Amino acid sequence: ELRRAQPDGLHLETIFVHDLEMPPGVAPANRDGEVVGFRLESPDGLARLIANDAGPDVVTADASLVVADWLMRHGFVPAGSPAWHALDRLRGRAA
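Basis of the calculations
- Residues numbered from 1 in each chain as written.
- Predicted model: local features only at pLDDT ≥ 70, side-chain atom pairs only at ≥ 80, totals over all residues.
- Heavy atoms only, no water.
- Core = buried A, V, L, I, M, F, W, Y, C linked by side-chain atoms within 4.5 Å.
- Buried < 20%, exposed > 50% of the residue type's maximum accessible area, 1.4 Å probe, protein only.
- Helix = DSSP H or I, 4+ residues; strand = E, 2+ residues; numbered from the N terminus.
- Contact = heavy atoms within 4.5 Å.
- Phe/Tyr/Trp six-rings, centres within 6.5 Å; stacked < 30°, edge-to-face > 60°.
- Patch = residues over 30% accessible without salt bridge, like charges linked within 9 Å, V, L, I, M, F, W, Y side chains within 5 Å.
- Areas by Shrake-Rupley, 256 points an atom, 1.4 Å probe, with all protein chains shown as cover.
- Salt bridge = Lys/Arg side-chain N within 4 Å of Asp/Glu carboxyl O.
- Pairing = 2+ DSSP bridges.
- Arc of directions from axis to C-beta.

Chemist: How would you summarise the nonpolar core if you had to cite specific residues and measurements?
Modeler: In terms of nonpolar packing, the biggest core is built from six residues, these being Leu 46, Val 67, Leu 71, Met 72, Val 77 and Trp 84. By residue number, the principal contributor to this core is helix α2 (residues 61-73), which donates three residues. Here Val 67 is in contact with Leu 46 and Ile 50, once residues within four sequence places are set aside.

Chemist: Explain the packing of aromatic side chains to me, and be specific about the residues and the numbers.
Modeler: Counted according to the given criterion, the structure contains one aromatic pair. Consider the rings of Trp 70 and Phe 76, whose centres lie 5.6 Å apart with planes at 15°: the pair is stacked. Residue classification places Trp 70 among the partly exposed residues on the basis of a relative accessible area of 26%.

Chemist: Requested: an account of a nonpolar patch on the surface, with residues and values cited.
Modeler: Where nonpolar side chains cluster on the molecular surface, the patch consists of Leu 20, Met 22 and Val 26 and spans about 300 Å² of accessible area. Considering the arrangement of structural elements, one finds Met 22 in the loop between β2 (9-13) and α1 (43-51). Assessed through its relative accessible area of 36%, Met 22 is described here as partly exposed.

Chemist: Before we move on, can you summarise the pairing of β2 with the specific residues and values?
Modeler: Bridging between strand β1 (residues 2-6) and β2 involves five bridges; their strand directions are antiparallel. Bridging from a neighbouring strand, Arg 3 pairs with Leu 12 of β2. Hairpin connection from β1 to β2: two residues lie between these consecutive antiparallel strands.

Chemist: Tell me about α1, and please be specific about residues and values.
Modeler: Along α1, the positions that sit buried rather than exposed are Gly 45, Leu 46 and Leu 49. One side of α1 carries all its buried residues, which in axial view fall inside an arc of 100°. Exposed side chains of α1 directed beyond 90 degrees from the buried face belong to Asp 44, Arg 48 and Ala 51. Packing partners of the buried residues in α1 comprise α2.

Chemist: Tell me what's going on with the pattern of salt bridges, and back it up with residues and numbers.
Modeler: Using the criterion set out here, one finds four salt bridges in the structure. As a salt-bridge pair, Arg 39 and Glu 41 come within 2.9 Å of each other at their nearest N and O atoms. Look at Arg 39 and you get partly exposed, because its relative accessible area is 48%. Where Asp 57 meets Arg 39, a salt bridge forms, and the shortest distance between an N and an O atom there is 3.3 Å. Within this pair, whereas Asp 57 is found in the loop between α1 and α2, its partner Arg 39 is found in the loop between β2 and α1, the two being separated by 18 residues in sequence. Residues participating in the shared-partner salt-bridge network are Asp 19, Asp 69 and Arg 73.

Laid out in C-alpha cells, this is it:
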C-alpha cells in the first residue's frame, strides 16, 4: 500500500503487480492516460531509473515500487543484503 500526502488529504493506494511476458515486437498501449509511456529497459537501466530524482526520466513513487519489487523477485538485488531488506520494508512485506 502506498500512502502519500495530497493537497486534499492522504492518498492511499494498493498496488497489484503482475508479470506479463510480451512477444517480440508487441508493445503495450496506454488507453486511459494513467501511464506516460512504455519502454524496454535492462535491469541495470531500471535500477538507474528508480534512483534518479531529477530530469526527464523521474519515475513515480508507485512505479518505482513496482520496479524495485521486480528487481528483487528476479534476483537482481541479492536476497538478504542490506539493500534487499531496505527495499522490502518499502514494499511493506518485512516481517
